[in-house]
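Spelled out from the first residue to the last, the chains are:
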Amino acid sequence: MSFDSFSDFLAMGGHGLYVWSSYAIGLVVLLANVISPMLTRKRLITEQLRRIRREETKS
């Protein structure tokens, strides 16, 4: 499918809102799937280090 102008491309024949919003939602989901495990890993490492320090001070 070819478009005459960039604005026609963005409009997608009147369906641009649905097309671009689904791309945006897909991108948000992909980013969440990448960022969430990284944040969880960082939090778990911090908690483990805290637990190790606490156990060292008790003994």
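What you see as residue numbers is a count from 1 along each chain, following the sequence as written. In keeping with the predicted nature of the model, local features appear solely for residues at pLDDT of at least 70, side-chain atom pairs appear and are counted solely at 80 or more, and the whole-chain, interface and lining totals rest on all residues. Where side-chain values are given, they derive from all heavy atoms of the structure, hydrogens and water being excluded.

**Quick notes on a positive patch on the surface**
Part 1 of the reasoning: Here the term patch refers to residues with relative accessible area over 30% and no salt bridge, with like charges joined within 9 Å and nonpolar side chains (Val, Leu, Ile, Met, Phe, Trp, Tyr) within 5 Å. Accessible surface area values rest on a Shrake-Rupley calculation with a 1.4 Å probe, where residue burial reflects the displayed protein chains alone. Salt bridges are defined as contacts in which a side-chain nitrogen from Lys or Arg sits within 4 Å of a carboxyl oxygen from Asp or Glu. Only four residue types enter the tally: Lys and Arg on the positive side, Asp and Glu on the negative side; His and the chain ends are excluded. To locate a charge, the coordinates of NZ of Lys, CZ of Arg, CG of Asp or CD of Glu are taken. A contiguous patch of positive charge on the surface is contributed by Arg50, Arg51, Arg53, Arg54 and Lys58.
Part 2 of the reasoning: What counts as a helix is a DSSP run of H or I of at least four residues, what counts as a strand is a run of E of at least two, and both are numbered from the N terminus. Locating Arg50 in the fold gives a position in helix 2 (residues 16–58).

**Observations concerning the pattern of salt bridges**
Pairing of side chains with opposite charge becomes possible as their charged atoms draw close.
Part 1 of the reasoning: According to the stated counting rule, one finds one salt bridge in the structure shown.
Part 2 of the reasoning: In this structure, the salt-bridge partner of Arg43 is Glu47, at a minimum N-O distance of 3.6 Å. Placement of the pair is Arg43 and Glu47 together in helix 2, with a separation of four residues, close to one helical turn.
Part 3 of the reasoning: By relative accessible area, which is 32% here, Glu47 ends up partly exposed. Buried, partly exposed and exposed residues are distinguished by accessible area as a fraction of the type maximum, computed with a 1.4 Å probe on protein chains only: under 20%, between the cut-offs, and over 50%, respectively.

**Digging into unusual backbone geometry**
Part 1 of the reasoning: In this structure, Met12 is a non-glycine residue whose phi angle is positive, near 50°.
Part 2 of the reasoning: Position of Met12 relative to the elements: it lies in the loop between helix 1 (6–11) and helix 2.

**Here we look at the packing of aromatic side chains**
Part 1 of the reasoning: Only Phe, Tyr and Trp rings take part, Trp by its six-membered ring, and two of them pair if their centres are within 6.5 Å. Stacked means planes under 30 degrees apart, edge-to-face means over 60, and tilted covers everything else. Enumeration according to the criterion identifies four aromatic pairs in this entry.
Part 2 of the reasoning: Between Phe3 and Phe9 the ring centres are 5.5 Å apart and the planes differ by 75°, which places this aromatic pair in the edge-to-face class.
Part 3 of the reasoning: Judged by centre distance (5.6 Å) and plane angle (35°), the rings of Trp20 and Tyr23 are tilted. Here the residue Trp20 and the residue Tyr23 both occupy positions in helix 2, the gap between them amounting to three residues, near one helical turn.
Part 4 of the reasoning: In this structure Trp20 comes out as partly exposed when scored by relative accessible area, which is 32%.
Part 5 of the reasoning: Grouped by ring-pair contacts, the aromatic residues Phe3, Phe6, Phe9, Trp20 and Tyr23 constitute a single cluster.

**Considerations on a nonpolar patch on the surface**
Part 1 of the reasoning: Together, Leu27, Leu31, Val34, Ile35, Met38 and Leu39 make up a nonpolar patch on the protein surface, roughly 580 Å² of accessible area in all.
Part 2 of the reasoning: Inspection of the secondary structure puts Leu31 in helix 2.
Part 3 of the reasoning: With relative accessibility at 45%, the residue Leu31 sits in the partly exposed group.

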